[in-house]
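Okay, here's what each chain looks like letter by letter:
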There are 2 protein chains.
Amino acid sequence: MQEPITSSENRWLKRLRRAAERHDEEIVLEGPKQLSDALAHGMKPIAVFVRDDVEMPPGVEAKTAFIVADRAFRTVADTSTSQGIVALFARPRTSLASITDSGRALVALDAVQDPGNVGAVVRLAAAFELGGVVALSGTADPFSPRAIRGSAGAVLTTPVATDSASAFLAECARRGRPLFAAMPEGPSIADIVLPRDAVVVMGSEGRGVAPEIREAARPFSIPTSRRVESLNVATAAAIVIWELRRRTG
Amino acid sequence: MQEPITSSENRWLKRLRRAAERHDEEIVLEGPKQLSDALAHGMKPIAVFVRDDVEMPPGVEAKTAFIVADRAFRTVADTSTSQGIVALFARPRTSLASITDSGRALVALDAVQDPGNVGAVVRLAAAFELGGVVALSGTADPFSPRAIRGSAGAVLTTPVATDSASAFLAECARRGRPLFAAMPEGPSIADIVLPRDAVVVMGSEGRGVAPEIREAARPFSIPTSRRVESLNVATAAAIVIWELRRRTG
């Protein structure tokens, strides 16, 4: 039986805390559900950490498994979200080219800062089988712990790329992908033709999409009452993605 | 010039903290936007509290205005959400009868526990001019600080009632309102007839709606890929409310 890690200064726990904070090359998954989803999706953990009162989940190779004493465990994870299990993975990398290559509809997020909203949009993309999500500059990292939670783990099974608006626009142009963007002055989404390979950009609430995207894209809007200034970006994306699916099957 | 409140034990600040925590008879609004929305809507504050470095907002009557020193202010409000301004109001009360009386479509939430989701649904109801929202038992209070924030202030301008499922079902039956509920086995929402006065119940993610509602309501579903187990309730409500509006104008 392996000795539990008791020191919060253990090098693995330090590495885990750094990944939870920076989520650059390595990311942290929390809880048995996220871990089992990742394993089922063929992802290999760098390491799995289990609190000493919790059973090691199935499918975890012994050489990557660590048992951690409660006190030290609390320095790396929240009790309710982790349920005593966290895992370190290499950050999944999906290129813009491979996402646009699928020919399926895509959603791009421009400067959407709230990680919960970014996660919710990835969950919608998975639910309605889009080709993926592109997080443009200024958008919260889809692989932060909060975004992963907001996606209910869907970031692990859905292609998600991160790139600049200019690279994104160049790629869409090169592939001839029809580009749409949410803009308050655009016609209602109910009145536009949405092709099956549409790429739809959603901007941040209030500020909308960047000028270079406005210039390149066809505008549409979701007509709402003047009783609200804007919709939350995740609920707006839900309506857009539903319309894409409803009309193009 | 009024002397600022400097003690965190001041009776007004105690009352404010209690309202933020319990939000039963009194509720707390945070920030200049929520306050001005409430004033524009004809609501009268019980008291307005302004940090001593912030200007008193327009439209606040002198007899209800208090200036609060920074240190004491921090015991009642978060800096970023309040921007130095919080206000105490009597809790708005809307009866189930008055909401169902309007004849407009309604959304009811059954045991939706996340206050951010409850607020997001109220914001959608305002955006698409529904008659209102009914928060059934087990649903997070729509007037908690987090729900008010999630609604972007829309709880102040949208009728929101709280009642038991049995009172709600009796009221719908009495008025002959057609009742629908999201259930995984139901036909796609794209394939059902949604009348203009529909009342739609959304349950919590995973658990769905209560048995007594299942029995009384016509089922519908939002067809999604098996890559996700459920949709977030706010994004599911966005799709349902959009369909209601799109089809019935």
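About the thresholds
Residues numbered from 1 in each chain as written. Chains lettered and ligands numbered in written order. Predicted model: local features only at pLDDT ≥ 70, side-chain atom pairs only at ≥ 80, totals over all residues. Heavy atoms only, no water. Helix = DSSP H or I, 4+ residues; strand = E, 2+ residues; numbered from the N terminus. Rg over C-alpha atoms; globule rule 2.2 N^0.38 Å. Buried < 20%, exposed > 50% of the residue type's maximum accessible area, 1.4 Å probe, protein only. Contact = heavy atoms within 4.5 Å. Lys, Arg positive; Asp, Glu negative; His and termini not counted. Charge placed at Lys NZ, Arg CZ, Asp CG, Glu CD. Core = buried A, V, L, I, M, F, W, Y, C linked by side-chain atoms within 4.5 Å. Pairing = 2+ DSSP bridges. Axes fitted to C-alpha atoms, helices over the stretch in contact; angles between N-to-C directions. Least-squares fit on C-alpha atoms with pLDDT ≥ 70 in both. Polar contact = N/O pair within 3.5 Å; in protein donor to acceptor, adjacent residues only side chain to side chain.

Colleague: Kindly report on the overall build of chain A, identifying the contributing residues and their values.
Modeller: Check the secondary structure of chain A and you find ten helices and ten strands. In summary, chain A has a C-alpha radius of gyration of 20 Å against a globular reference of 18 Å for 249 residues, a match within 12%. If one aligns the C-alpha atoms of chain A with their principal axes, the spans along those axes are about 65 × 40 × 30 Å. Counting every position in chain A, which comprises 249 residues, the buried fraction comes to 55%. Taking contacts inside chain A between residues at least 6 apart in sequence as the whole, the part at least 24 apart equals 77%. Both charge centroids of chain A, one from 30 positive and one from 29 negative side chains, sit 2 Å from each other.

Colleague: Would you mind going over the nonpolar core in detail, with residue names and values included?
Modeller: Counting 106 residues, the largest nonpolar core has A:Phe128, A:Met202, A:Ile222, B:Phe128, B:Met202 and B:Ile222 as the members making the most contacts within it. Residues A:Val134, A:Phe168, A:Val199 and A:Ile213 belong to the second largest nonpolar core, which totals 20 residues.

Colleague: Break down the sheet that holds strand β4 (residues 85-90) of chain B for me, with residues and values.
Modeller: Residue and element names in this part refer to chain B. Strand order in the open sheet formed by four strands is β1-β4-β2-β3, with mixed pairing between adjacent strands. Each edge of the open sheet carries a strand with a single partner, namely β1 (26-30) and β3 (65-68). Pairwise comparison of adjacent strand axes, ignoring direction, gives a mean angle of 20° for this sheet. As defined by bridge partners, β1 adjoins β4 across five bridges and the pair is classed as antiparallel. Counted as the bridge partner of Glu30 is Val86 from β4. With respect to the sheet, helix α1 (residues 11-22) is in contact with β1, β2 (47-51), β3 and β4, its orientation differing from that of β1 by roughly 95°.

Colleague: Please give an account of the relation of the copies chain A and chain B that cites residues and values.
Modeller: Overlaying chain A with chain B gives an RMSD of 0.0 Å, the required rotation being 180° about an axis along which the chain moves by 0.0 Å. What the superposition gives is, in effect, a two-fold axis relating one chain to the other. In this assembly, 100% of the residues forming the interface of chain A have copies in chain B that are likewise at the interface, indicating an isologous arrangement.

Colleague: Account for the environment of B:Asp114, with residues named and values stated.
Modeller: Residues and elements named next belong to chain B. Of note, Asp114 is situated in the loop between β5 (106-110) and α6 (115-127). A residue is classified by how much of its surface remains accessible, and Asp114, at 31% relative accessible area, is partly exposed. Through-space distance from the C-alpha of Asp114 to that of Val134 is 15 Å; in sequence the pair is 20 residues apart. A distance of 3.0 Å separates the side chain of Asp114 from the backbone nitrogen of Gly116, its partner in a polar contact. Looking at Asp114, its side chain comes within polar contact range of the main-chain nitrogen of Asn117, at 2.8 Å.

Colleague: Explain the pairing of strand β9 (residues 199-203) of chain A to me, and be specific about the residues and the numbers.
Modeller: Two faces, one strand: in a regular strand the side chains alternate between the faces of the sheet. Residue and element names in this part refer to chain A. In terms of residue burial, β9 counts as a mostly covered element, since five of its five residues are buried. Taking every second residue as pointing to the same face, both faces of β9 are buried, with Val199, Val201 and Gly203 on one and Val200 and Met202 on the other. Pairing between strand β5 (residues 106-110) and β9: five bridges, direction parallel. Each bridged residue has a counterpart across the sheet, and for Ala108 the counterpart in β9 is Val201. Bridging between strand β8 (residues 179-182) and β9 involves three bridges; their strand directions are parallel. Across the sheet, Leu179 pairs through a bridge with Val199, a residue of β9.

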